[in-house]
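# Tertiary structure, described
Okay, here's what each chain looks like letter by letter:
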Amino acid sequence: MASLTWQDISTKRDFVTDVLQPSRVITAVRRQQNMPLHDRIIPYLETAGLYHLARLNSQWFWVDESLLSAFIERWRPETHTFHMPFGECTITLQDVAYQLGLPIDGAPVSGCLTEFENLMEHGRPAWVRELFGELPPQSKVKQMTVCYTWFHERFRVLPADATDETVRNANRVHLRWLPYLASLDDLGRYSWGSAALAWLYRCLCRGTNRNVVNLAGPLQLLQSWIFWRFPTLRPTGFDQFGFPLASRWAEFVPRNNAGAQRLVSARLALDRLRVHDFVWEPYSSADVVAVIHPKILADEHRRLWTAVTSLIYFAAIEWLQVDRVLPQFGGVQHLPDVALNIDWLHAKDGRGGDRWFPTYYQEWHQLWENRHQSVLWVDRVLDPGPSADYLE
């Protein structure tokens with residue numbers, strides 16, 4: 001695969017915005033938000049490393065669909081970066097740690113189950129009875145999943161007399177999560193941060209398909225990343241923040257009317273960006289340091305921020321190419337290596353038969369196992385950014 005020149009990028013982007021999809025505004029699909037946190041559930045979330053993320057999901061987060069659509073137009077599946085007038089930038093594991101408070105180091109979130117038919121009872125998943133004491137109605141079951149609405153109706157409010165076992169099991173689950181749910185005490189050993197980033201990358205790559213009009217995934221992470229790193233695109237009146245940093249925008253309500261017109265305005269704003277309009281290191285300020293939870297800065301997590309490695313979320317395998325965005329870690333960006341071609345992985349979604357993903361994707365799981373060997377050393381400079389040879 002040949003490297004993309006800036007002329008190539010400009011030509012392709014003009015073709016995308018002016019010919020293929022002049023007014024496509026992607027609709028964000030929101031799930032599992034506005035869920036109250038009971039005090040008895042919190043200890044289990046803390047053990048799993050998911051407490052900060054759960055706090056975010058206790059509120060509704062609205063996204064500016066026109067702005068996100070303009071960014072998705074600049075996403076390149078070949079490099080997993082946004083191609084901007086000043087160079088490349090992307091969401092990294094560092095961003096996931098600061099924005100969502102998720103742990104980075106750990107085992108990949110993968111697996112799957114074999115012999116699905118043995119886990120069904122008259123067309124309904126028998127594991128639900130084992131875990132929750134009852135089966136959902138047939139209307140709430142679709143293949144190997146149970147509708148979120150059923151869990152929401154049955155378990156949104158924790159009963160005052162709930163046993164400890166009920167507290168542990170009142171979660172929303174897909175069949176693939178059964179091994180995790182059955183052993184909650186082990187949840188803290190997984191890399192939830194890399195799983196979240198893998199899923200966001202997959203969703204962004206999917207969004208580059210001009211036929212896609214609805215997009216799920218952690219789009220709140222993308223929006224928060226935009227607001228933290230692009231001050232000129234940031235809404236006003238949100239100066240106070242805590243941890244995780246994405247909570248800063250909890251009260252943000254965008255205008256999603258006149259979407260096509262606002263998309264054109266967002267495109268124009270991105271076209272006019274210059275290198276000084278992007279904050280390479282937004283997390284180095286004293287105000288941010290004062291609110292950060294110390295666990296995310298632990299060496300075992302922090303050292304992986306600059307790893308060039310695979311990202312794994314079940315069948316979604318993506319490639320993290322931080323070697324293309326070294327200024328985000330305080331370095332100078334020289335000409336990067338040729339991007340790794342993983343087009344065939346983008347066609348895989350885990351459907352089409354029983355597969356144990358760690359075996360089926362053994363090569364990519366091994367790359368994650370060797371993640372510490374792929375960590376880049378970044379020579380920090382006072383003025384990070386792209387080099388002259390890179391821009392030329």
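Please read these numbers as outputs of a predicted model, since none were measured by experiment.

Our focus in this paragraph is the packing of aromatic side chains. The relation between two aromatic rings is expressed through the spacing of the ring centres and the mutual angle of the planes. Tallying each qualifying case throughout the model produces 26 aromatic pairs. An angle of 25° between the planes, with centres 5.4 Å apart, marks the rings of F82 and W225 as stacked. Taken together, the positions of F82 in strand 3 (residues 81–84) and W225 in helix 11 (residues 219–229) put the pair 143 residues apart, joining distant regions of the chain. Neither F82 nor W225 differs from the other in exposure class; each is buried. Look at F86 and W280: their rings are 5.9 Å apart centre to centre, the planes differ by 90°, and that puts the pair in the edge-to-face class. Here the residue F86 occupies a position in the loop between strand 3 and strand 4 (87–89), and W280 occupies one in the loop between helix 12 (259–271) and helix 13 (286–291), the gap between them amounting to 194 residues. Pair check on accessibility: F86 and W280 agree, each one buried.

In this section: the nonpolar core. Counting 96 residues, the largest nonpolar core has F71, F82, W225, I226 and F230 as its most contacted members. Looking at this core element by element, the count peaks at 10 residues for helix 10 (residues 192–207). Apart from the residues lying within four places of it in its own chain, the contact partners of F230 are F71, M84, F86, C89, W225, L273, D277 and F278.

A few words on the environment of S23. Among the structural elements, S23 can be located in the loop between helix 1 (6–20) and strand 1 (27–28). In this structure the C-alpha to C-alpha distance between S23 and S69, which are 46 residues apart in sequence, comes to 9.7 Å. Other than its neighbours up to four places away in sequence, S23 contacts A260, L263 and R267.

Within the structure shown, the criterion is met by 10 salt bridges. Salt-bridge contacts for D95 lead to R229; the nearest nitrogen and oxygen are separated by 2.9 Å. Residue D95 is found in helix 5 (residues 93–100), and its partner R229 is found in helix 11; the two are separated by 134 residues along the sequence. The same class applies to D95 and to R229, which are both buried. Here E281 makes a salt bridge to R380, at a shortest N to O gap of 2.8 Å. Of this pair, E281 sits in the loop between helix 12 and helix 13 while R380 sits in the loop between helix 17 (362–369) and strand 13 (385–386), and the two are 99 residues apart along the sequence. When its relative accessible area of 22% is taken as the criterion, E281 is described as partly exposed.

Turning our eyes to something else, we now look at helix 17. Taken residue by residue, helix 17 has W364, H365 and W368 as its buried positions. Looking straight down helix 17, one finds that the buried residues subtend no more than 100° of arc, so they occupy a single side. Helix 17 presents Q362 and E363 as exposed residues on the side facing more than 90 degrees away from its buried surface. Elements in contact with the buried residues of helix 17: helix 10, strand 10 (310–313), strand 11 (316–319), helix 15 (343–346) and helix 16 (357–360).

Cut-offs applied
Residues numbered from 1 in each chain as written. Predicted model: local features only at pLDDT ≥ 70, side-chain atom pairs only at ≥ 80, totals over all residues. Heavy atoms only, no water. Phe/Tyr/Trp six-rings, centres within 6.5 Å; stacked < 30°, edge-to-face > 60°. Helix = DSSP H or I, 4+ residues; strand = E, 2+ residues; numbered from the N terminus. Buried < 20%, exposed > 50% of the residue type's maximum accessible area, 1.4 Å probe, protein only. Core = buried A, V, L, I, M, F, W, Y, C linked by side-chain atoms within 4.5 Å. Contact = heavy atoms within 4.5 Å. Salt bridge = Lys/Arg side-chain N within 4 Å of Asp/Glu carboxyl O. Arc of directions from axis to C-beta.

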